[in-house]
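Spelled out, the chains give:
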Amino acid sequence: MDWITTIGQLINTTLVFSTALIFASMGGIFSERSGVVNIGLEGLMVFGAFAAAVGTYYAEGAGMGAASPYIGLLAAVVMGVIASLIHAVASITFKADQTISGIVINFLAAGSTLYLVRLLFNGEGETPLLQEVFRKTNISGLSDIPFIGEVFFHHYPTTYLAVILVFVSYYVLFKTTFGMRLRAVGEHPSAADTMGIKVSRMRYIGVMMSGALAALGGATIALTTTSMFAHNTISGQGFIAIAAMIFGKWNPIGALGAAVLFGLFQAMGSYFQLFDWASNIPQDFIYMLPYVLTILVLVAAVGRSSAPSALGEPYDPGKR
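Note that this is a predicted model, so its numbers are computed, not measured.

1. A short note on empty space enclosed by the protein
Here's step 1: In the structure shown here, the tally under the stated rule is 1 cavity of 30 Å³ or more.
Here's step 2: Computed from the structure, the largest cavity encloses a volume of approximately 40 Å³.
Here's step 3: In terms of lining, the largest cavity is formed by Ser91, Ile92, Lys95, Val199, Ser200, Arg203, Pro314 and Tyr315.
Here's step 4: Breaking the lining of the largest cavity down by element, the ones donating at least two residues are α3 (68-93) and α9 (199-222).

Here is the structure:
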């Protein structure tokens, strides 16, 4: 076995698995930095994967060709924003328990998307395989560098987009007035309100951004590795994204590192099967391993991460 090649492939696969987690964890950061808990990332990813697959399928049928997956991404963003509004209205306007509202989003996504797939595709439990999906592309010049080029510069377009998004998110959150206001309503909403910042408006924006980005995470899976949507397309990735957000201390750079770490766990689950000694290990255990490692890492992080001060607390202007 060529160990250098194997390591290179493992790193490349790690970044592929990390992409959806990066999108979703960035979405979670924008929501929770505004003070709104978003347990519904899993459901928002499901909605995004569904909308992306269906949107791409119909775009293919309309003869849109290579533009079809981009139309699918747009459909995912729209679907994610609409779905996130349910959570926003419940938790911000009606001050419902934010955790319960997020769980409702998860159940709603699981049931409604399966129903709609069966309705649209003659009772089938999944969409047809998509022909126009994202393919791995090279960055001219950089991809020719031995080892490094193949590992870091031969990826899906969504992977490059996710990495760029991390640094854009960091800049927006910590270097702009908008980011300062968003963080203010998540830390001290009363003080922010006193300064003229519209707390509810900022929280709505944070939750809607969360929906759009988490949906992009789901769309990434449907338009790259699976080329379709089924009830198990997401398979807990939204919850791993929440873990990445917490482990990364609600910071885009930290969440990037955590997403890559959890992506490595998933990639290792795939590569373990290449070794002869792994043939005696039950396959279900290998598939379970990434989730077990994620839980262990998250447990180790408990008590070391400091959430936004007003996270999960509905804001009542009358109690200032």
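2. Notes on the layout of surface pockets
Here's step 1: Reported here for the largest pocket is a volume of approximately 550 Å³.
Here's step 2: What lines the largest pocket is a set of 27 residues, and nearest its centre among them are Phe17, Thr233, Gln237, Gln266 and Tyr291.
Here's step 3: Mapped by element, the contributors of at least two residues to the lining of the largest pocket are α1 (3-33), α6 (157-175), α9, α11 (252-271) and α12 (283-301).
Here's step 4: Residue composition of the lining of the largest pocket, by class: 12 nonpolar, 15 polar and no charged.
Here's step 5: Considering only enclosed or pocket space, the second largest pocket measures out at about 160 Å³ in volume.
Here's step 6: Lining of the second largest pocket is provided by Ile4, Thr5, Gly8, Gln9, Asn12, Thr13, Lys136, Phe147, Glu150, Val151, His154 and Tyr271.
Here's step 7: Contributions of two or more residues to the lining of the second largest pocket are made by α1 and α5 (148-152).
Here's step 8: Among the elements that line the lining of the second largest pocket, the one with the most residues is α1, at 6 residues.

How each quantity is defined
- Residues numbered from 1 in each chain as written.
- Predicted model: local features only at pLDDT ≥ 70, side-chain atom pairs only at ≥ 80, totals over all residues.
- Heavy atoms only, no water.
- 1 Å grid on protein atoms, 1.4 Å probe; cavity = no way out; pocket = protein on both sides within 12 Å on 5 of 7 lines; lining within 4 Å.
- Points joined across faces, edges and corners; volume = space filled by probe spheres on them.
- Helix = DSSP H or I, 4+ residues; strand = E, 2+ residues; numbered from the N terminus.
- Nonpolar A, V, L, I, M, F, W, Y, C, P; charged D, E, K, R; others polar.

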